[in-house]
Amino acid sequence: MEERKLLHSFLAASQKGLPPRRMKDSYIEVLLPLGSQPELREKYLTVQNTVRFGRILEDLDSLGVLICYMHNKIHSAKMSPLSIVTALVDRIDMCKKSLSPEQDIKFSGHVSWVGKTSMEVKMHMFQLHDNEFSPVLDATFVMVARDSENKGPAFVNPLTLESPEEEEIFRQGELNKGTRVAFSSMSLLKMAPTAEERTAIHEMFLNTLDPKTVSFRSRVLPPNAVWMENSKLKSLDICHPQERNIFNRIFGGFLMRKAYELGWATACNFGGSRPFIVAVDDIMFQKPVEVGSLLFLSSQVCFTQGNYIQVRVHSEVASLQDKEHMTTNVFHFTFMSEKEVPLVFPRTYGESMLYLDGQRHFSSMSAPVTLKKDHLIEP
Ligand SMILES: CCCCCC(=O)SCCNC(=O)CCNC(=O)[C@H](O)C(C)(C)COP(=O)(O)OP(=O)(O)OC[C@H]1O[C@@H](n2cnc3c(N)ncnc32)[C@H](O)[C@@H]1OP(=O)(O)O
């Protein structure tokens, strides 16, 4: 960190002082040679001979950061004065392709939109199939530039657009920003549910009243339903230095992998079969996690429909000395089970809000995905 302090002089006083960059300046393709270098496979392997999605999340996080460093590269400096951190995983959508641990994987990506200190990055993943790379996954992350010591904001290079296609990508980035603001201002932590949502929750409540008693307190589950509180799983991790990033904080990819694996186990436990990941959405990195923290993850099923299971994982940290917990992230995962899953019923008002939030995240999924036998992406 002492060395990084010296990089302060390379920081721009305004964005105007920075040269614009093209999308192709940050474009990169990276090969994960699982096919040609079998010694790499162990790290990526599941017991079902598929690829661990948690490892892919780690790779996407590192790649997103690398892409942003390329966008902001100062050719005269050996080291970048910026600390680039992951602020948000806006969306990851899976395509309907299987992931084999025995075939090469290719990642590509570039900066698709920039603000003053933030950048949107689009990444794609492909796997070799019959001598051709076929699409496997699309991801959109938002990264934020901070100063050399990660203490305050720092400006990023503007983006110059060179074709109508690039203008469209940028416009989509602008729209994504608007959607994020709208989604967050509608948050159930700030606003009451809509009339339609209130009616749905009240109907669910009525469905759980015991017809044999005239009481609001006597609740029974309808057939093929589970109380939301009974779907919970929790875990604890000690954040060892091994998981730190270059800024001496815990690597975002590690946090995602841990949350994803707990979320997967929750969906597996709930649905009674090995579920497949379909979408990841709106993972906000609200606070950095310090090395040495205790990481408490709490996961629960908050919405189901047909074969789909919507899981929310909440992460909190506390230091060993300090008993106060602080939320650092909330993760949303959509899984698909091989068979139809039970309905999940909220019992309290707070759980009803979790249910509605889960339903909103589920509905924001860009395209309905149908279960395919070859869709084998596991933790
Ligand atoms: C290989 C190395 C890997 C390293 C990668 C990691 O591991 S990173 C480790 C995991 N990630 C973290 O630890 C980050 C933890 N979170 C944070 O530190 C902070 O929440 C933050 C720096 C991201 C944002 O803090 P603040 O909201 O106070 O910052 P500030 O208000 O100045 O906003 C900075 C810019 O971010 C944008 N911004 C902030 N939150 C956002 C969000 N949820 N979605 C979209 N954009 C967001 C703002 O619009 C603004 O962009 P404009 O200025 O353009 O308008």
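Residues numbered from 1 in each chain as written. Predicted model: local features only at pLDDT ≥ 70, side-chain atom pairs only at ≥ 80, totals over all residues. Heavy atoms only, no water.

A. Structural context of the state of the cysteines. On inspection of all chains with the given rule, the structure shows zero disulfides. With no disulfide of its own, Cys-302 lies closest to Cys-268 among cysteine sulfurs, the gap being 17 Å. (Disulfide = S-S within 2.5 Å.)

B. Representation of helix 7 (residues 252–271) within the structure. Relative to the 28 Å expected for 20 residues at 1.5 Å per residue, helix 7 spans 28 Å between its end C-alpha atoms, a close match to the ideal helical length. Burial within helix 7 is extensive, with 15 of its 20 residues counted as buried. One or two positions beyond helix 7, positive phi appears at Gly-272, with a value near 75 degrees. (Helix = DSSP H or I, 4+ residues; strand = E, 2+ residues; numbered from the N terminus. Expected span 1.5 Å × (residues − 1). Buried < 20%, exposed > 50% of the residue type's maximum accessible area, 1.4 Å probe, protein only.)

C. Inspection of the site of the ligand at higher detail. If you check the shell around the ligand, you find 24 residues, and the closest are Lys-116, Thr-117, Ser-118, Gly-252 and Phe-285. Interatomic distance of 2.8 Å between a backbone N/O atom of Phe-285 and a nitrogen atom of the ligand. A distance of 2.9 Å is found between an oxygen atom of the ligand and a backbone nitrogen or oxygen belonging to Gln-286. Burial of the ligand by the protein chains amounts to 71% of its free accessible area of 1,100 Å². Where the shell around the ligand is concerned, the elements lending two or more residues are helix 4 (53–71), strand 3 (83–94), strand 6 (132–146) and strand 10 (276–285). The element that contributes the greatest number of residues to the shell around the ligand is strand 3, accounting for five residues. Residue classes in the shell around the ligand are distributed as 12 nonpolar, seven polar and five charged. When we break the shell around the ligand down by domain, the ones giving at least three residues each are domain 1 (1–186) and domain 2 (195–364). (Near = heavy atom within 4 Å. Polar contact = N/O pair within 3.5 Å; in protein donor to acceptor, adjacent residues only side chain to side chain. Areas by Shrake-Rupley, 256 points an atom, 1.4 Å probe, with all protein chains shown as cover. Nonpolar A, V, L, I, M, F, W, Y, C, P; charged D, E, K, R; others polar. Domains from an automatic or database assignment.)

D. Focus on the domain arrangement of the protein. Looking at the protein, the domain boundaries give domain 1 (1–186) and domain 2 (195–364). Distance between the C-alpha centres of domain 1 and domain 2: 26 Å. Facing 29 residues of domain 1, the contacting portion of domain 2 comprises 24 residues. Roughly 2,300 Å² is buried in total at the junction of domain 1 and domain 2, and carbon and sulfur atoms are behind 59% of that figure. For the interface between domain 1 and domain 2, the tally reads three salt bridges. For the salt bridge of Asp-281 with Arg-91, the shortest nitrogen-to-oxygen distance reads 3.5 Å. Across the contact surface, domain 1 and domain 2 share 10 residue pairs in polar contact (both at pLDDT 80 or more). Looking at the side of domain 1 that touches domain 2, the elements with two or more residues in it are helix 4 and strand 3. No other element matches strand 3, which puts 12 residues into the side of domain 1 that touches domain 2. Looking at the side of domain 1 that touches domain 2, its residues break down into 15 nonpolar, six polar and eight charged. (Contact = heavy atoms within 4.5 Å. Buried area = accessible area lost by both parts, 1.4 Å probe. Salt bridge = Lys/Arg side-chain N within 4 Å of Asp/Glu carboxyl O.)

E. Broad picture of the pattern of salt bridges. Tallying each qualifying case throughout the model produces 16 salt bridges. Measuring nitrogen to oxygen at the nearest pair gives 3.5 Å for the salt bridge that ties Lys-151 to Glu-149. Of the charged contacts in the structure, one is a salt bridge between Arg-249 and Glu-290, with a shortest N-O distance of 3.2 Å. Taken together, the residues span a long stretch of sequence, with Arg-249 in the loop between strand 9 (233–238) and helix 7 and Glu-290 in the loop between strand 10 and strand 11 (294–305) at a distance of 41 residues.

F. Representation of the packing of aromatic side chains in the model. Applying the stated criterion to the full structure yields eight aromatic pairs. Here the aromatic rings of Phe-303 and Phe-362 are separated by 5.4 Å at their centres, their planes lie at 45 degrees, and the arrangement is tilted. Of the two residues, Phe-303 is situated in strand 11 and Phe-362 in helix 8 (residues 349–363); the sequence distance between them amounts to 59 residues. The class for Phe-303 is buried, based on a relative accessible area of 3%. With a relative accessible area of 10%, Phe-362 lands in the buried category. Ring plane angle 45 degrees and centroid distance 6.2 Å describe the contact between Phe-333 and Phe-335, whose orientation is recorded as tilted. For the pair formed by Phe-333 and Phe-335, the shared burial category is buried. Ring-pair connections join several aromatic residues into one group, and the members of that group are Phe-53, Tyr-260, Phe-331, Phe-333 and Phe-335. Lying across the ring of Phe-126, Lys-106 places its NZ or CZ 5.5 Å from the centre. A cation over a ring is seen here: Arg-347 above Trp-227, with NZ or CZ 4.2 Å from the ring centre. (Phe/Tyr/Trp six-rings, centres within 6.5 Å; stacked < 30°, edge-to-face > 60°. Lys NZ or Arg CZ within 6 Å of the ring centre and 35° of its normal.)

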